[in-house]
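# Residue-level structural notes
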Amino acid sequence: GAGVSQTPSNKVTEKGKYVELRCDPISGHTALYWYRQSLGQGPEFLIYFQGTGAADDSGLPNDRFFAVRPEGSVSTLKIQRTERGDSAVYLCASSLTSPAGTAEAFFGQGTRLTVV
Amino acid sequence: AQTVTQSQPEMSVQEAETVTLSCTYDTSESDYYLFWYKQPPSRQMILVIRQEAYKQQNATENRFSVNFQKAAKSFSLKISDSQLGDAAMYFCAYRFSGTYKYIFGTGTRLKVLA
């Protein structure tokens, strides 16, 4: 696609429910990232994929969070037993290669998750 | 640990005037990149300008320019001839060369007054 696409744009869920957030990166981009942006804050790193594998998941806050990228393209961020503190905008970004050097990361419009 | 600080939560500028947004960062690394991203209400982070730390010359992109002071660890963004479309949140970000993690500041909300 022309840009990074994230669906849904907004998601409201009840506390304790399971949610999936989808990211469709720019075609041909091998690197994919998830960031979380809480209200009034800058984005914070969650996880990085190079191809199909999670090269770094050190930013995932706990084991309720999991992400996959089975075919090296679309990625899904999964949150189990959601809590109100999970409410945030979840941003996805992709880049042509690992961004060592000046490879630019392109961001999607994010999914605003609200846990009530 | 690397940190990025934006001390101005909100700034206002009159249309056609110039405004400067401040950013300081802390790192012990010598090879890194600095960025300014714009986030309009659509939420999409848009790259405004990028600076390589090894370059002494300040980066410029049309109406946008930076004042990069490496010794002072300062990286301010100057917007000239401000336009209504410049109104957005602006985030300063740092990335160590060879890594993929961006470290963002808390942002500055820029209002442009007609």
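Heads up: these notes are all about the structure in this document. The numbers attached to residues start from 1 for each chain and follow its sequence in the written order. Written order decides the labels, with chains lettered from A and ligands numbered from 1. At least 70 in pLDDT is required for a residue's local features to be given in this predicted model, at least 80 for side-chain atom pairs to be given and counted, and no such filter applies to totals for whole chains, interfaces and linings, which use all residues. Just so you know, side-chain values use all the structure's heavy atoms and leave hydrogens and water out.

## A short note on the overall build of chain A
Elements are defined by DSSP. Helices are runs of H or I of four residues or more, strands are runs of E of two residues or more, and each kind is numbered from the N terminus. Check the secondary structure of chain A and you find 0 helices and 11 strands. Walking chain A from its N terminus toward its C terminus, one meets helices and strands in the order β-β-β-β-β-β-β-β-β-β-β. A globule of 116 residues ought to have a C-alpha radius of gyration of about 13 Å, and chain A, at 13 Å, matches this closely. Counting across all 116 residues of chain A, residues that qualify as buried make up 46%. The contact criterion used is simple: two residues touch if any of their non-hydrogen atoms lie within 4.5 Å. The long-range fraction of contacts in chain A, counting pairs at least 24 apart against all pairs at least 6 apart in sequence, stands at 55%. Where accessible areas are quoted, they stem from the Shrake-Rupley method and a 1.4 Å probe; at the residue level, only the protein chains shown are allowed to cover. Accessible surface, chain A: about 5,300 Å² in total, of which carbon and sulfur atoms supply 48%. As used throughout, the charge tally considers Lys and Arg to be positive and Asp and Glu to be negative, leaving His and the chain termini uncounted. All charge positions are set by atom: Lys at NZ, Arg at CZ, Asp at CG, Glu at CD. The average position of the 11 basic charges and that of the 11 acidic charges among the side chains of chain A differ by 8 Å. In this setup the radius of gyration rests on C-alpha atoms only. A globule is expected at 2.2 Å times the number of residues raised to 0.38. A 1.4 Å probe rolled over the protein chains alone gives each residue an accessible area, and that area as a share of the maximum for its type sets the label: buried under 20%, exposed over 50%, partly exposed in between.

## Focus: the overall build of chain B
In terms of helices and strands, chain B carries 0 helices and 12 strands. In chain B, the succession of helices and strands from N to C terminus is β-β-β-β-β-β-β-β-β-β-β-β. For chain B, whose C-alpha radius of gyration is 14 Å, the value lies close to the compact-globule estimate of 13 Å for 114 residues. Evaluated residue by residue, chain B yields a buried proportion of 47% over its 114 residues. Taking the contacts inside chain B whose residues are at least 6 apart along the sequence as the reference set, 54% of them involve residues at least 24 apart.

## With respect to the interface of chain A and chain B
The partner chain B presents 20 residues to the 29 residues of chain A that form the contact. Between Lys or Arg on one side and Asp or Glu on the other, a salt bridge is scored when a side-chain nitrogen of the former is within 4 Å of a carboxyl oxygen of the latter. Counting the contacts that link chain A with chain B gives 1 salt bridge. Its salt-bridge partner being B:Lys101, residue A:Asp56 comes within 3.4 Å of it at the nearest N-O pair. Polar contacts, as counted here, are pairs of nitrogen or oxygen atoms within 3.5 Å of one another; within protein the pair requires one atom able to donate a hydrogen and one able to accept it, and residues that are adjacent in sequence qualify only if both atoms are side-chain atoms. One can count 8 residue pairs in polar contact (both at pLDDT 80 or more) joining chain A with chain B. With 3 residues, the single largest contributor to the side of chain A that touches chain B is strand β4 (residues 31-37) of chain A.

## Brief notes about the pattern of salt bridges
All names here are of chain B. Inspection of the entire model under this criterion finds 8 salt bridges over all chains. Between Glu 10 and Lys 111 there is a salt bridge; the shortest N-O distance is 3.4 Å. In this pair, Glu 10 sits in strand β2 (residues 10-14) while Lys 111 sits in strand β12 (residues 108-113), placing the two residues 101 residues apart along the sequence. For Glu 10, a relative accessible area of 43% translates into the label partly exposed. Given a relative accessible area of 38%, Lys 111 falls into the partly exposed group. A salt bridge links Arg 63 to Asp 86, with the shortest nitrogen-to-oxygen separation between them at 2.8 Å. Here Asp 86 lies in the loop between β9 (74-79) and β10 (88-96) and Arg 63 lies in the loop between β7 (60-61) and β8 (64-69), a separation of 23 residues in the sequence. Judged by relative accessible area, Asp 86 falls into the buried class, the value being 4%.

## Observations regarding the sheet that holds strand β1 (residues 5-7) of chain A
All names here are of chain A. Read from one edge of the open sheet, 4 strands run β1-β3-β8-β7, paired in antiparallel fashion. In this open sheet, the two edge strands, each paired with only one partner strand, are β1 and β7 (65-68). This sheet shows a mean twist of 15 degrees between the axes of neighbouring strands, independent of strand direction. Note on pairing: two strands pair once DSSP finds at least 2 bridges between them. Bridge count for strand β3 (residues 19-24) against strand β8 (residues 75-79) is 5 bridges, and the pairing is antiparallel. Paired with Arg 22 across the strands is Thr 76, a residue of β8. Interaxial angle, 0 to 180 degrees, is taken between N-to-C directions of lines fitted to C-alpha atoms, where a helix line uses only the stretch in contact.

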